[in-house]
Amino acid sequence: MKHTLLTETYKTTILQCSLFQNIPADRLDEVITFLHGFVKTYKKNDLIISLDDPFTHAGIVLSGKVEVSYTNNHFDKLNMNHFSVSEIFGEALALKKIAYSPIQVQAISDSSILFLDLNYLFASTDRCCASCSFQHQLLLNVMERMVNQNLFSNLKLRILSQKSLRDKILVYIKSIRPDENNLRYVPFSQTTLAEFLNANRSALSRELGRMQDEGILKIEGHFYLLSATIPY
């Protein structure tokens, strides 16, 4: 792990992050300074946040990919989500300044992360710098992120409440917006998808094969084409 500097490529990536929606490019450096931002790089499999570590900063993925997971009572790792370039993670935990993280964050490829202290968004206006003119927009963006995270948590709850593996698969895949060809891109390998669905990988592979044989879905790499007649 090491500190690194913001390159122009990284700045372009940051502006694509939902947190920086409607923030002018020429004010980016000010806003990052205001949020006490800093960048660290990690090797593949490095732990970014360990279980029970303090969780004080939200992270934006500048390069690579990270995995957020937790462990159950048997210490089995359960995947929650993956975050790719320009995506932000950990904002709710960071806003609460959680002393003991309930999740772990791991680099699943060589990665660079921009860390931000979002609590400065709530700083008194008489102590703020010129970049605080964008406090309101940043707070709106954080609120939208929280809503989206709540929707995602509800989806996870709905998936895990399904009694059959097939229903878990269908609820998840139907939650993905299809493209113009009705293809839905699943951003997971089968191993990671099994973790996400809290399912056995072999059982998942068999069920996907049966569903394809029955014409319910067609798998083309990471794209899943569903029958239009599925009642979900």
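Scroll up for the structure.
In this report, we go over the structure that sits alongside the text. (Residues numbered from 1 in each chain as written. Predicted model: local features only at pLDDT ≥ 70, side-chain atom pairs only at ≥ 80, totals over all residues. Heavy atoms only, no water.)

Observations regarding the packing of helix α5 (residues 165–174) against helix α7 (residues 201–213)
The line we're drawing: Note on method: axes are straight lines fitted to C-alpha atoms, helices fitted across the in-contact stretch only, with angles between N-to-C directions ranging 0 to 180 degrees. Each helix corresponds to a stretch of at least 4 residues labelled H or I by DSSP, and each strand to a stretch of at least 2 residues labelled E; elements are numbered beginning at the N terminus. Working rule for angles: under 35 degrees goes down as roughly parallel, over 145 as roughly antiparallel, 65 to 115 as roughly perpendicular, anything else as oblique. Here a residue-residue contact requires only that any non-hydrogen atoms of the pair lie within 4.5 Å. Three classes are used, and their members are as follows: Ala, Val, Leu, Ile, Met, Phe, Trp, Tyr, Cys and Pro are nonpolar, Asp, Glu, Lys and Arg are charged, and the others, Gly among them, are polar.
Viewed as axis vectors pointing N to C, α5 and α7 meet at an angle of 75°, and their least axial separation amounts to 10 Å. As summarised for this structure, α5 and α7 are arranged roughly perpendicular, according to the angle between their axes. Together, L165, R166, I169 and L170 of α5 and A203, L204, E207, L208, R210 and M211 of α7 make up the contact between the two elements. When grouped by side-chain class, the residues that make up the contact of α5 with α7 number seven nonpolar, no polar and three charged.

Regarding the sheet that holds strand β10 (residues 183–185)
Applied cut-off: Strand pairing is defined by DSSP finding a minimum of two bridges between the two strands.
The strand order β10-β12-β11 describes an open sheet built from three strands, whose pairing is antiparallel. Of all the strands in the sheet, just β10 and β11 (217–220) have a single pairing partner and so form its edges. Each neighbouring strand pair of the sheet contributes to a mean axis angle of 30°, computed without reference to strand direction. Inspection of the sheet shows β10 paired to strand β12 (residues 223–226) by three bridges, in the antiparallel sense. Within the sheet, the bridge partner assigned to Y185 lies in β12 and is F223.

Some thoughts on the side chain of H82
To keep things clear, this is the line we draw: Throughout this description, a polar contact denotes any pair of N or O atoms lying within 3.5 Å of each other; where both atoms belong to protein, one of them has to be capable of donating a hydrogen while the other can accept it, and for residues adjacent in sequence the pair is counted only when both atoms sit in side chains.
Tracing the backbone shows H82 in strand β6 (residues 77–83). Within the structure, H82 has its side chain in polar contact with the side chain of E67 (distance 3.1 Å). Setting aside residues no more than four positions away along its own chain, H82 makes contact with K65, V66, E67, E87, I108, P187, F188 and T192.

Re unusual backbone geometry
Positive phi outside glycine occurs at N22, with the angle close to 65°. On the secondary structure map, N22 appears in the loop between α1 (8–15) and α2 (28–34). Its identity is not glycine, yet D52 carries a phi of approximately 75°, on the positive side. Summarising the element assignment, D52 is placed in the loop between β3 (47–49) and β4 (58–63).

Topic: the packing of aromatic side chains
Heads up, the condition is: Pairing of aromatic rings covers Phe, Tyr and Trp, the last through its six-membered ring, and needs centres within 6.5 Å; plane angles under 30 degrees mean stacked, over 60 mean edge-to-face, and all others mean tilted. The classification of residues rests on relative accessible area computed with a 1.4 Å probe and restricted to protein chains. Under 20% of the type maximum is buried, over 50% is exposed, and intermediate values are partly exposed.
Taken as a whole and assessed by the stated rule, the structure comprises six aromatic pairs. Here the aromatic rings of Y172 and F188 are separated by 6.1 Å at their centres, their planes lie at 25°, and the arrangement is stacked. In this pair, Y172 is assigned in helix α5 and F188 in the loop between β10 and α6 (190–197), connecting sequence segments 16 residues apart. In this pair, the class of Y172 matches that of F188, namely buried. With centroids separated by 5.0 Å and ring planes inclined at 55°, the aromatic side chains of Y172 and F196 adopt a geometry described as tilted. In this pair, Y172 sits in helix α5 while F196 sits in helix α6, placing the two residues 24 residues apart along the sequence.

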